[in-house]
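Read off the chains here:
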2 protein chains.
Amino acid sequence: MSSAITFHATPVFPRGFRCASRNVGLKPSARDLTLFASEVDAAAAAVFTRNHFPGAPIILGRETIKGGVLRAIIANSKVSNVATGTRGVEHARRMAMAAATELGTAPDRVLVSSTGVIGVQLPIEKIEAGIAGMTSDLQDNPMVGAEGIMTTDTHPKALSASVGTATITWVAKGSGMIEPNMATMLSYIFTDAAFDAPTLDRLLRAAVTPTFNMLSVDTDTSTSDTCAILANGLAGAVDEAEFLAVLTAGCRRMTEILARDGEGAEHLVRVTVRGALNQTEAHVVAKSILNSPLVKTMVHGADPNVGRLLMAVGKCFDCTIRPATTDAWINGFQVVGHGERLAFDDAVVRETLSREVVDLSVSLGVGDGEAIAYGCDLTKGYVDENASYYSS
Amino acid sequence: MSSAITFHATPVFPRGFRCASRNVGLKPSARDLTLFASEVDAAAAAVFTRNHFPGAPIILGRETIKGGVLRAIIANSKVSNVATGTRGVEHARRMAMAAATELGTAPDRVLVSSTGVIGVQLPIEKIEAGIAGMTSDLQDNPMVGAEGIMTTDTHPKALSASVGTATITWVAKGSGMIEPNMATMLSYIFTDAAFDAPTLDRLLRAAVTPTFNMLSVDTDTSTSDTCAILANGLAGAVDEAEFLAVLTAGCRRMTEILARDGEGAEHLVRVTVRGALNQTEAHVVAKSILNSPLVKTMVHGADPNVGRLLMAVGKCFDCTIRPATTDAWINGFQVVGHGERLAFDDAVVRETLSREVVDLSVSLGVGDGEAIAYGCDLTKGYVDENASYYSS
């Protein structure tokens, strides 16, 4: 688990990876285009959104990742190039070609991402013009790349950690339209450890399942979700089990960072379910609590209305739920016993609900299934941001 | 459909039904206790919440309704008597007994309902004292009864319509924690038509399926949902098909009224899905659009961010969705064609999204499945109300 892993105080790149970001005129002045590059070919794997309306970069990315080799990722923010038809796919190809030309590689070694508003054509000429000369900006700070892919994020997101002689670096963005079910909005992982593409794919899926796939800001699954890993091998081989532990810990920490920076969020909410009939039911119950608007507003208002936890458990119609064996805790303080609200001092619960991290735990007492889900509170800030996202 | 039915300008009761409501000290001054009574025994049927933590009145009500005969409904607001253990069920029984004594009938002919905060014991002595003498307040105006069961509702809700020589009257409450999946919060239907209990049960379920069960304010399923129908037969027999048509139309209209008065809501949102593979998939897609926080905030802000409609359709992973055959309309104005956002004048879409009633329609083009779902926009008012519900 993440407790055993130490992340670097300031995120750094593994050997051979660098990035650059620029404003190319998609946003008024903020950086809106990022290039990540490895100095040598890297083995690569990726998982993408399961949404039935995948963006053009996802359609192209599924084709690209089949090769199992990447040199670079080119990503823009502001416009997601989704629901843009064959012209959108053509624009994604032109973006890959421009980055490949700039780096002296082939377009099928460049992964393309776009994030932002849906249903608007990409201003491809601005992007092509912006890519030219970007190699001269390449630098060692992952935060520079994280900046260029931000949409409603309030801060750029990058992490790094060591595993043996190698380094793993996570760069991500995402704040709303997040319940990935396959990966999160845009999440890139770089390492200098040596793995082949099929192994990387297996490790990535194992790390994503209990982390990014248990994240929900607002139940809405983006059309652009992408999680990719690039391993350029410059640090040689490392122990696979140790690598997977660090990989998963970083994905878990990045999941928490994304949840805490959910649109309008003021709290990170972690929901732990134990004693479910099986893992599937544990997932369903954890997501039900995490996604309940009434639980989310209870946390937001630090209102000790703990009956809502039972409501959210109880609406999992198809799960095995026994009121008599159901207990619940908030930050370790028990509020429900045997399916009944316990007598407690409201002020104590109010205080604990006011903390930045709120851990909600439920024990169902019917089996061994466990799950942890990650999300945030529901605030007026979320409504504000999303009532005018297109227009602002 | 509802267009063929005329509701009375002012709601009235069928022959033999009356109601009373009082403040008995659960709320500071507003009415918090309602008695509905028939002067003769009425055939009765009811459907209840599927939540695994049903309130004490639901546990008792499931037992009571087996008899198929009711004389009265006694209902309080402010405290829902949920998650209150065996003491809660005992309180519900005492409430039925007090009403039965007041009316000179048996307690198994009284349906009990409680609505309000979860996990708090009912102040049963106040309720028993308040029920005494209530028969002398009985009157003909259904709105008086509707008033006593309000929680966060902004207005009392009652409707009536004629069917042959009989009348049907609907009285309901509900504003938040509403995605019934079986019935809505509290919804009572009174008629003087003559039907036996099994027939009433069948008609009620037929009417509830496309109406209350397609309502969602916030995806949260209450622990107290109850929908009951009482038929005292004083108007004699009426045509069953005609009765069902009027019954369904009233349930549909009441569903719309509840949705429009969803907590914090400023719009009624109706989502129509056509051309789904089958009816089940039509329901899933309609609910996905209706419950998407990003669609709800788009309506709230009248923001022409129509790509969100595709996102919400596309996240129905297990449904058959073909981008090439997917079209969408807002109040009849086409915004998506063949899975792509159409070029349109933003101002036109902004204007239509500003209307009080917003009809979102999607045609999937893969089959004959149809469904309509009812809900509302997501506002800062919803967050405000629910961040301090317990405390206020």
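One structure accompanies this document, and this report is about it. (Residues numbered from 1 in each chain as written. Chains lettered and ligands numbered in written order. Predicted model: local features only at pLDDT ≥ 70, side-chain atom pairs only at ≥ 80, totals over all residues. Heavy atoms only, no water.)

1. A closer look at the overall build of chain A
To keep it simple, the criterion reads: Starting at the N terminus, helices and strands are each numbered in turn, a helix being any DSSP run of H or I of at least four residues and a strand any DSSP run of E of at least two. Only C-alpha atoms enter the radius of gyration; for comparison, a globular chain is expected to reach 2.2 Å times N to the power 0.38, where N is the number of residues. When accessible area is computed with a 1.4 Å probe and restricted to protein chains, residues below 20% of their type maximum are described as buried, those above 50% as exposed, and intermediate ones as partly exposed. By the convention used here, residues are in contact when the closest approach between their heavy atoms is within 4.5 Å. Values of accessible area rely on a 1.4 Å probe in the Shrake-Rupley scheme; residue burial ignores everything except the protein chains shown.
In terms of regular secondary structure, chain A is built from eleven helices and 14 strands. Scaling as 2.2 N^0.38, a compact globule of 392 residues should have a C-alpha radius of gyration of about 21 Å, and chain A matches this with 21 Å. Its C-alpha atoms give chain A principal-axis dimensions of about 70 × 50 × 35 Å. Counting the 392 residues in chain A, one finds 64% classified as buried. The long-range fraction of contacts in chain A, counting pairs at least 24 apart against all pairs at least 6 apart in sequence, stands at 80%. Accessible surface for chain A amounts to roughly 12,700 Å². Of this, 51% is attributable to carbon and sulfur atoms.

2. Concerning the packing of helix α1 (residues 56-64) of chain B against helix α2 (residues 85-103) of chain B
Residues and elements named next belong to chain B. We apply this condition: In this analysis an axis means a line fitted to C-alpha atoms, helices contributing only their contacting stretch, and an angle means the value between N-to-C directions, from 0 to 180 degrees. Geometric relationships in this document are graded by angle, where less than 35 degrees denotes roughly parallel, more than 145 denotes roughly antiparallel, 65 to 115 denotes roughly perpendicular, and other angles denote oblique. A clockwise turn of the near helix away from the far one marks a right-handed crossing, whereas an anticlockwise turn of less than a right angle marks a left-handed crossing. Ten residue types, Ala, Val, Leu, Ile, Met, Phe, Trp, Tyr, Cys and Pro, are classed as nonpolar, four, Asp, Glu, Lys and Arg, as charged, and the remainder, Gly among them, as polar.
Relative orientation of the contacting elements α1 and α2 amounts to 60°, with a least axis distance of 8 Å. What the angle tells us is that α1 and α2 run oblique. Taken as a pair, α1 and α2 cross one another with a handedness that is right-handed. On the side of α1, the interface is formed by A56, P57, I59, L60 and E63, while α2 contributes G88, V89, A92, R93 and A96. Across the contact of α1 with α2, the residue classes break down as seven nonpolar, one polar and two charged.

3. Let's talk about helix α9 (residues 307-314) of chain A
Along an α-helix, residues three or four positions apart point the same way, because every turn accommodates 3.6 residues. Burial within α9 of chain A is extensive, with eight of its eight residues counted as buried. Residues of α9 of chain A that are buried include every one of G307, R308, L309, L310, M311, A312, V313 and G314 of chain A, and no others. Buried positions along α9 of chain A lie against α7 (279-291), α8 (293-301), β10 (327-330), β11 (333-337) and β13 (357-363) of chain A together with α11 (380-386) of chain B.

4. Details of the sheet that holds β10 of chain A
Residues and elements named next belong to chain A. Note the cut-off: One requirement defines pairing of two strands: DSSP has to find at least two bridges between them.
Reading across from one edge, β12-β11-β10-β13-β9-β14 is the order of the six strands in this open sheet, with mixed pairing throughout. Two strands bound the open sheet, and with one partner strand each, they are β12 (340-341) and β14 (369-376). Here strand β9 (residues 268-276) pairs with β13 via seven bridges, running parallel. Bridging across to β13, V273 finds its partner in V362. Sitting on the sheet, α7 touches β9, β13 and β14, and the angle it makes with β14 is about 25°.

5. Quick word on the side chain of E281 of chain B
Relative to the assigned elements, E281 of chain B resides in helix α7 (residues 279-291). Excluding residues within four positions of it along the chain, E281 of chain B makes contact with A276, D318, C319 and T320 of chain B.

6. Examining the interface of chain A and chain B
Let me state the cut-off plainly: The term buried area denotes the loss of accessible surface (1.4 Å probe radius) that occurs when two parts are joined, taken as the sum for both partners. By convention in these notes, a salt bridge is any Lys or Arg side-chain nitrogen within 4 Å of a carboxyl oxygen on Asp or Glu. For this analysis, a polar contact is any N or O atom pair within 3.5 Å, provided that within protein one partner can donate a hydrogen and the other can accept it, and provided that sequence-adjacent residues contribute only side-chain to side-chain pairs.
Taken together, the 58 residues of chain A in the interface contact 59 residues of chain B. When the two sides are added together, the surface that chain A and chain B hide from each other amounts to roughly 5,000 Å², 61% of it contributed by carbon and sulfur. By the criterion of area lost to chain B, the three top residues of chain A are H52, F53 and F317 of chain A, representing 16% of everything that side buries. At the junction of chain A and chain B, the tally comes to four salt bridges. Put simply, R50 of chain A and D318 of chain B hold a salt bridge, and the shortest N to O gap is 4.0 Å. For the pair chain A and chain B, the interface holds 16 residue pairs in polar contact (both at pLDDT 80 or more). Listed by contribution, the elements that provide at least two residues to the side of chain A that touches chain B are α8, α9, β12, α10 (346-353) and α11 (380-386) of chain A.

7. Section: the pattern of salt bridges
Taken as a whole and judged by the stated rule, the model has 38 salt bridges over all chains. Across the salt bridge formed by R93 of chain B and E63 of chain B, the nearest N and O atoms sit 3.3 Å from each other. Here R93 of chain B, found in helix α2, pairs with E63 of chain B, found in helix α1; they are 30 residues apart in sequence, far enough to count as distant. Given a relative accessible area of 35%, R93 of chain B falls into the partly exposed group. Judged by relative accessible area, which is 43%, E63 of chain B ranks as partly exposed. One network of salt bridges, with partners in common, ties together R253, E256, R270 and D359 of chain A.

8. As for the relation of the copies chain A and chain B
Selection criterion: Residues reaching a pLDDT of at least 70 in both copies supply the C-alpha atoms on which the copies are superposed by least squares.
Once chain A has been moved 0.0 Å along the axis and rotated by 180°, it coincides with chain B to within an RMSD of 0.0 Å. A rotation of that kind, with that shift, is consistent with a two-fold axis. Looking at the rotation axis and the C-alpha trace of chain A, the residue lying nearest is K380 of chain A, at 2.4 Å. Here 100% of the interface residues in chain A have copies in chain B that are interface residues too; the copies meet face to matching face.

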